[in-house]
Amino acid sequence: MLPLLQLGKSSLTSQAFMKGLIQGAIYAGIVIALLFLCLLPLIVKHIRKKQAKKTAAIKAKKSSKVRASQELKTSLKPEEPGKPIVTTFSESILEKQDKRAS
């Protein structure tokens, strides 16, 4: 009769172990899900910061190319001798009126 009691105890012990194992796995899943949800905004912020750096670098590269091409175009235009480089607003209006009149 003694072996029957031991058999009953071992099955009870294994059932309790399995129950605890399953319960632990469920709790671990809940904890992982909560941690992920809490860290999700930080992850998104990090990804957006990386993308912003990439786009800024691309824009800077494009703008430097545009500036270089604009400088090339302006350097190819011959300047009129004796004409001031800096003009005032009133002078530019007078020039426009002269062009319209001719």
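Source: prediction; values computed, not measured.

Caption draft 1: Spatial organisation of the overall build of the protein. Secondary structure summary: the protein contains two helices and zero strands in total. The buried share among the 102 residues of the protein stands at 0%. If you sum the accessible surface of the protein, you get close to 10000 Å²; carbon and sulfur atoms cover 69% of it.

Caption draft 2: Seen up close, the UniProt feature "transmembrane region" (unreviewed entry) in the protein. Mapped onto this structure's residue numbering, the UniProt feature "transmembrane region" (unreviewed entry) falls at residues 20-44. Helix makes up 100% of residues 20-44 and strand makes up 0%, while its end C-alpha atoms are separated by 36 Å.

Caption draft 3: Structural context of the confidence of the model for the protein. Considering every residue of the protein, the mean pLDDT works out to 78; 64% of them sit at 70 or more. Across residues 1-5, confidence stays below pLDDT 50; counting only partners more than four residues off in sequence or on other chains, it has zero contacts.

So, how was this worked out
- Residues take numbers from 1 onward in each chain, read along the sequence in its written order.
- Local features in a predicted model are, by the rule used here, given only for residues with pLDDT of at least 70; side-chain atom pairs are given and counted only at 80 or more, and totals for whole chains, interfaces and linings are based on all residues.
- Hydrogens and water are ignored here; the side-chain numbers use all heavy atoms of the structure.
- Only DSSP runs of H or I reaching four residues or more are called helices, and only runs of E reaching two or more are called strands; each is numbered from the N terminus.
- Exposure classes here rest on a 1.4 Å probe applied to the protein chains alone. A residue is buried below 20% of its type maximum, exposed above 50%, and partly exposed in between.
- In this description, accessible areas are obtained by the Shrake-Rupley approach with a 1.4 Å probe, and a residue is regarded as covered only by the protein chains that are shown.
- UniProt positions are given in the numbering used here, feature names are shortened, and annotations may be inferred rather than shown by experiment.
- On a range of 0 to 100, pLDDT expresses the predictor's confidence in each residue.
- The contact rule is simple, with two residues in contact once any of their heavy atoms fall within 4.5 Å.

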